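Examination of the molecular architecture
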2 protein chains.
Amino acid sequence: MGDTWATLGVDLHLETGGDGSRHGVRKGLTDALREAVRGGRLAPGTRLPSSRSLAADLGIARNTVADAYADLVAEGWLTARQGSGTRVAMGVPPGRAEPRARGRVVSPPVRPAPPRRTGGAPTYNLTPGSPDLASFPRAEWLKAARRALAAAPNSALGYADPRGRVELRTALAGYLARARGVHADPDRIVVTAGFVHALAVIGRVLRARGEREVTVESYGLDIHWNLLHRAGLRTVPLAFDALGTDVSGLGPGSAKAVLLTPAHQFPMGVPLHPDRRAAAVDWARREGGVIIEDDYDGEFRYDRQPVGALQGLDPEHVIYLGTASKSLAPGLRLGWMVLPSGLHAEVLAEKEAAGASCGALDQLTLAEFITSGAYDRHVRGARLRYRRRRDHLVEAVAGRAPDVRATGIAAGLHAVLQLPPGTERSIVQAANWERLAVQGLSGFRHPLAVTPREDALVVGYGTPAEHAWAGAVEALCRVLP
Amino acid sequence: MGDTWATLGVDLHLETGGDGSRHGVRKGLTDALREAVRGGRLAPGTRLPSSRSLAADLGIARNTVADAYADLVAEGWLTARQGSGTRVAMGVPPGRAEPRARGRVVSPPVRPAPPRRTGGAPTYNLTPGSPDLASFPRAEWLKAARRALAAAPNSALGYADPRGRVELRTALAGYLARARGVHADPDRIVVTAGFVHALAVIGRVLRARGEREVTVESYGLDIHWNLLHRAGLRTVPLAFDALGTDVSGLGPGSAKAVLLTPAHQFPMGVPLHPDRRAAAVDWARREGGVIIEDDYDGEFRYDRQPVGALQGLDPEHVIYLGTASKSLAPGLRLGWMVLPSGLHAEVLAEKEAAGASCGALDQLTLAEFITSGAYDRHVRGARLRYRRRRDHLVEAVAGRAPDVRATGIAAGLHAVLQLPPGTERSIVQAANWERLAVQGLSGFRHPLAVTPREDALVVGYGTPAEHAWAGAVEALCRVLP
């Protein structure tokens, strides 16, 4: 190994010579190691030297080497095993990542589940559900964390209020009232570890009330339906038509709870028609039902002011669910519920029974991020970037694929591309061969949906990093008819 | 209000003049407002000026005022209500806090539940379960957060691996093997939102396997027993004697799972006898049982090296549960499980069904905190401070209350003070009158325990801030016979 490492060491040394900063050295080392693996100079299974000895060879800090190893483990190039050290991952295909994508990780399409792979990771990722992670405001977030930690009382570090920190609930109440028209008293807000945590808790509360099913939309995410199934609830879909989800299916005989995405149906991309918004609320009042409002991307409307939250129409019959996963990053695992008074105690008890609550420091940081105005600034900036991407996507598709039509309103982080009948499956397959991860509409259709099938792609234009955007759209256009 | 605020403004101005730093101004403002409420100059219900206008009055940054308000809301002096602004809390008793405690919050005894109050918050808090929150390494933590965020790949901000970040699982595997003798492969570790999250998930897995009860210890925390009950499991206690928990109660007929605190029984403070450690593992092997090891304070042993984790004896029959709640702070909501291979898949599935996972940034920060050595440094420092406190407590009690005997080993964050028979209840009551929060052993006794009752106090010497320690011990000695 000695020689190998001597050589590699020299290469590294040359590559990392440019920028003396710790971060620069780390990046140079990470890139050099990644290249060595990609190029085959480090064979799969090869055991790497300990961070201590490599650091000594290279005359750099041990933590820098450890950080570089951790990056590459996180990216899948290396594996770390207690007892057997750090090794080159088995089965890393050469040319797995584009040189242009070096130092970047193609963010895995975790929500919803990734398409079946044709081997290796995709080069481009247009699956919906994720914002552009590369544009997460790291510096601003860290500043907010510093201010929040400096201002935090010691009690903030102690055992937590199950509702979440009062600072965050107070900040959210102000923001949601201002930006989404939500009637939000801090005492009615419960902070959760993202949307799925909130939905899991609500599902268990409904089951504990004796409910056996929940009404859902014809199109949505199977992970949400599965979460409800795990809570012991069947999901029964409403029909879908040109005016959005058809709530006339809600009646005396239907389930007592309905899960809706009123502002921007996921994934179809249309808002719930105003008459139907009113009809849904009327149903809830008449039948003592509850509407679970998934406001996952309400911040992102590009043609005009976003339509307000349904919750504003009747806070006592709507559970409002919001999340930082689209506006900031899913990795924060921060979401919030605004609860009707009649559900507050039960939801809190169920949340406590599940034992999970969010770290206080992230909560205080988000509170500071919101109250300092950084949140609004970030959302405005993201809105501009995403709008440009959407316009670019729609233009490119219109120019290159006349038979393909983008539908849905100009909003959110994804677009629906209507395809010629019978072509969806082959196009998704062709995209995967092009190492482009993209999903067909059929993957978002409820198994019991009666709505006529359509062939379409659900394109997440938020997902790629800025540098990968143009290539992703180009790859998409190549596979469209 | 104008005059009031002019006056208050001047006072504030004088008070905050000493230190120009933002933090100094914030603290000065917070103290001045707290004084104004305590002294009655601001009556309960009084609406405070908006942070904007007060900031203008005082010529300071608006955020500084907002931070000060948030502090006082968190401390309970003020209330913030959407629509009605910030007001002085109703029923704030004058003299609620000692001047010496000014700017500090008496951390609420949340685990376990607080003793019945005689009105107002306690001045001193010796309830067990919390480390000294004032000694949380804020600066070091922030440094680690900065390094972790700089090194984090973008994918770390995306949807999460349900096991937790690989960086943290790798760091924990190394630390637990080194410091606790745990057999820990990063792939067998699952990061949780603290101990209760882990226990709730495990309880549901056991219930899903058809189990109906879990064996526990005669003494422990009712919140843990209740968590298991909520999962549909009865809890049946083992006997307790001079050698610790009597595991001879484990047999073919007993429940398939047992919850133990082998390193330092909570709250009795004795380690599980070596023969009984072996016997428990033998039982698990013989009957196909599983031991749930609650290693809540394994880092803190003062007389000699801590006894290793039971998990090291048989990783396939022990679920090891650790937490950062005692070594760092409960507010982080970070814990970890090390799982037998046979339980890994079920536990992950159950955790995902509950929808909750931890924020990636806190996980990456803790990983960096551990790998950089800051964790070991902090634990060593805390060990010294707690040891001094324990010694001081034992000496003070020996000198002032000859009839009271401290039992249990020199370890952890709490001591057990054996009281003359029949005196526990009256002493706890007397302590509450002295505004000293302390708990009797009876509050930790399982309802079905058959072990002879003892009168004792469970004194958490980790809980008070350094400045409050001497006063807390003095108050305690005043109420001992």
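Because the structure is predicted, anything quoted here is derived from the model rather than measured. (Residues numbered from 1 in each chain as written. Chains lettered and ligands numbered in written order. Predicted model: local features only at pLDDT ≥ 70, side-chain atom pairs only at ≥ 80, totals over all residues. Heavy atoms only, no water.)

A word on the overall build of chain A
Of the regular secondary structure elements, chain A holds 14 helices and 17 strands. Taking as baseline every contact in chain A between residues at least 6 positions apart, the subset at least 24 positions apart corresponds to 73%. For chain A, the computed accessible surface area is about 17500 Å², with 54% contributed by carbon and sulfur atoms. (Helix = DSSP H or I, 4+ residues; strand = E, 2+ residues; numbered from the N terminus. Contact = heavy atoms within 4.5 Å. Areas by Shrake-Rupley, 256 points an atom, 1.4 Å probe, with all protein chains shown as cover.)

Re unusual backbone geometry
Of note, the amide linkage connecting Phe 266 of chain A to Pro 267 of chain A takes the cis form, showing an omega dihedral of 0 degrees. Tracing the backbone through its elements, the reader meets Pro 267 of chain A in the loop between strand 9 (257-260) and helix 9 (274-287). Unusually for a residue other than glycine, Arg 435 of chain A sits at a positive phi of about 60 degrees. Here Arg 435 of chain A is to be found in the loop between helix 13 (424-433) and strand 15 (436-437). Classification of Arg 435 of chain A as partly exposed rests on a relative accessible area of 30%. Not every positive phi belongs to a glycine, and Arg 333 of chain B is a case in point at roughly 50 degrees. Summarising the element assignment, Arg 333 of chain B is placed in the loop between strand 11 (318-323) and strand 12 (335-338). (Buried < 20%, exposed > 50% of the residue type's maximum accessible area, 1.4 Å probe, protein only.)

Side note on the pattern of salt bridges
All names here are of chain A. Evaluation of the coordinates by the stated rule reveals 48 salt bridges over all chains. Measuring nitrogen to oxygen at the nearest pair gives 2.9 Å for the salt bridge that ties Arg 165 to Glu 167. For Arg 165, a relative accessible area of 15% puts it in the buried group. (Salt bridge = Lys/Arg side-chain N within 4 Å of Asp/Glu carboxyl O.)

Some words on the sheet that holds strand 16 (residues 439-440) of chain B
All names here are of chain B. Reading across the sheet, the four strands line up as 13-14-17-16 and stay open at both edges, with antiparallel pairing between neighbours. The sheet is open, and its two edges are formed by strand 13 (405-407) and strand 16, each paired on a single side. The pairing of strand 14 (residues 414-418) with strand 17 (residues 456-460) spans five bridges and is antiparallel. Among the inter-strand pairings, Gln 418 is bridged to a residue of strand 17, identified as Ala 456. Sheet contacts for helix 12 (residues 374-400): strand 13, strand 14 and strand 17; angle to strand 14, the most-contacted strand, approximately 15 degrees. (Pairing = 2+ DSSP bridges. Axes fitted to C-alpha atoms, helices over the stretch in contact; angles between N-to-C directions.)

What about the interface of chain B and chain A?
Listed as interface residues are 77 residues of chain B and, on the opposing side, 77 residues of chain A. Taken together, both faces of the contact between chain B and chain A bury some 6500 Å²; the carbon and sulfur share is 58%. Three residues stand out in chain B for area buried against chain A, namely Arg 138, Leu 157 and Tyr 159 of chain B, and they jointly supply 13% of the buried area on that side. Counting across the chain B and chain A interface gives four salt bridges. With its nearest N and O atoms 3.2 Å apart, the salt bridge here joins Glu 350 of chain A to Arg 204 of chain B. The interface formed by chain B and chain A includes 20 residue pairs in polar contact (both at pLDDT 80 or more). At eight residues, helix 5 (residues 138-151) of chain B tops the list of elements feeding residues into the side of chain B that touches chain A. Of the residues in the side of chain B that touches chain A, the class split is 40 nonpolar, 17 polar and 20 charged. (Buried area = accessible area lost by both parts, 1.4 Å probe. Polar contact = N/O pair within 3.5 Å; in protein donor to acceptor, adjacent residues only side chain to side chain. Nonpolar A, V, L, I, M, F, W, Y, C, P; charged D, E, K, R; others polar.)

What about the pairing of strand 12 (residues 335-338) of chain A?
All names here are of chain A. Judged by which residues are buried, strand 12 turns out to be covered on both faces: Gly 335 and Met 337 on one side and Trp 336 and Val 338 on the other are all buried. Pairing between strand 4 (residues 189-192) and strand 12: four bridges, direction antiparallel. Residue Thr 192 lies in a different strand from strand 12, and its bridge partner there is Gly 335.

Some words on the sheet that holds strand 14 (residues 414-418) of chain A
Within a sheet, each strand pairs with its neighbour through backbone hydrogen bonds, oriented either parallel or antiparallel. Residues and elements named next belong to chain A. Judged by pairing direction, the sheet is antiparallel, and its four strands sit side by side in the order 13-14-17-16 without closing on themselves. In this open sheet, the two edge strands, each paired with only one partner strand, are strand 13 (405-407) and strand 16 (439-440). Strand direction decides the pairing type here: strand 13 and strand 14, joined by three bridges, are antiparallel. The residue bridging Arg 405 from the neighbouring strand is Gln 418, located in strand 14.

Topic: the confidence of the model for chain A
Low pLDDT marks regions whose predicted coordinates should not be analysed in detail. All names here are of chain A. Summary statistics for chain A give a mean pLDDT of 86 and a share of 86% for residues scoring 70 or more. In this model residues 1-18 is a low-confidence stretch, pLDDT under 50, and it forms 25 contacts with partners more than four residues away in sequence or in other chains. Below a pLDDT of 50 lies the segment residues 93-118, which in the model reaches 64 contacts outside its immediate sequence neighbourhood of four places, other chains included. Scored by ipTM, the complex comes to 0.76, with pTM at 0.77. (pLDDT = per-residue confidence, 0-100.)

A few points about the relation of the copies chain B and chain A
Overlaying chain B on chain A yields an RMSD of 0.1 Å, the required transformation being a rotation through 180 degrees with an accompanying axial translation of 0.1 Å. Here the two chains are linked by the operation of a two-fold rotation axis. (Least-squares fit on C-alpha atoms with pLDDT ≥ 70 in both.)

Let's talk about helix 14 (residues 466-479) of chain B
When we look at burial in helix 14 of chain B, the residues that qualify are Ala 468, Trp 469, Gly 471, Ala 472, Val 473, Ala 475, Leu 476, Cys 477 and Val 479 of chain B. Buried residues in helix 14 of chain B make contact with strand 3 (124-125), helix 12, strand 14, helix 13 (424-433), strand 15 (436-437) and strand 17 of chain B.

Some thoughts on the pairing of strand 11 of chain B
Both faces of the sheet carry side chains from a regular strand, because those side chains alternate between them. Residue and element names in this part refer to chain B. Most of strand 11 is tucked away: six of the six residues are buried. As paired strands, strand 10 (residues 290-294) and strand 11 are joined by four bridges and run parallel to one another. Looking at the pairing, Ile 291 lines up with Val 318 of strand 11. Where strand 11 meets strand 12, four bridges bridge the pair, whose relative direction is antiparallel. Pairing of Tyr 320 across the sheet is with Val 338, part of strand 12.

Quick look at helix 6 (residues 166-180) of chain A
Residue and element names in this part refer to chain A. Relative to the 21 Å expected for 15 residues at 1.5 Å per residue, helix 6 spans 20 Å between its end C-alpha atoms, a close match to the ideal helical length. Buried within helix 6 we find Glu 167, Leu 168, Arg 169, Ala 171, Leu 172, Ala 173, Tyr 175, Leu 176 and Arg 180. Note on helix 6: the residue one or two positions beyond its end, Gly 181, has a positive phi of about 65 degrees. (Expected span 1.5 Å × (residues − 1).)

Some thoughts on the packing of helix 7 (residues 195-208) of chain B against helix 10 (residues 341-353) of chain B
For any two helices packed against each other, the geometry is given by the interaxial angle and the distance between the axes. Residues and elements named next belong to chain B. At a minimum axis separation of 9 Å, helix 7 and helix 10 run at an interaxial angle of 110 degrees. Classified by the angle between their axes, helix 7 and helix 10 sit roughly perpendicular to one another. Where helix 7 crosses over helix 10, the handedness of that crossing is right-handed. Judged by residue contacts, His 197, Val 201, Arg 204 and Val 205 of helix 7 engage Leu 343, Glu 346, Val 347, Glu 350 and Lys 351 from helix 10. Of the residues in the contact of helix 7 with helix 10, the class split is four nonpolar, one polar and four charged. (Parallel < 35°, antiparallel > 145°, perpendicular 65-115°, else oblique. Left-handed = near helix turned anticlockwise from the far one by under 90°.)

Things to note about the state of the cysteines
In a disulfide, the sulfur atoms of two cysteines are held together by a covalent bond. A complete count under the given rule lists zero disulfides over all chains for this structure. Here Cys 358 of chain A stays free of any disulfide, with the sulfur of Cys 358 of chain B as its closest cysteine sulfur at 8.6 Å. For Cys 358 of chain A, a relative accessible area of 10% gives the class buried. (Disulfide = S-S within 2.5 Å.)

Some words on the packing of helix 5 (residues 138-151) of chain A against helix 5 of chain B
Interaxial distance between helix 5 of chain A and helix 5 of chain B falls to 11 Å at its minimum, and their mutual angle equals 170 degrees. In terms of orientation, helix 5 of chain A and helix 5 of chain B fall into the roughly antiparallel class. Along the contact surface, helix 5 of chain A presents Arg 138, Leu 142, Ala 145, Arg 146, Leu 149 and Ala 150 of chain A, while helix 5 of chain B presents Arg 138, Leu 142, Ala 145, Arg 146, Leu 149 and Ala 150 of chain B. Its residues assigned to classes, the contact of helix 5 of chain A with helix 5 of chain B comprises eight nonpolar, no polar and four charged.

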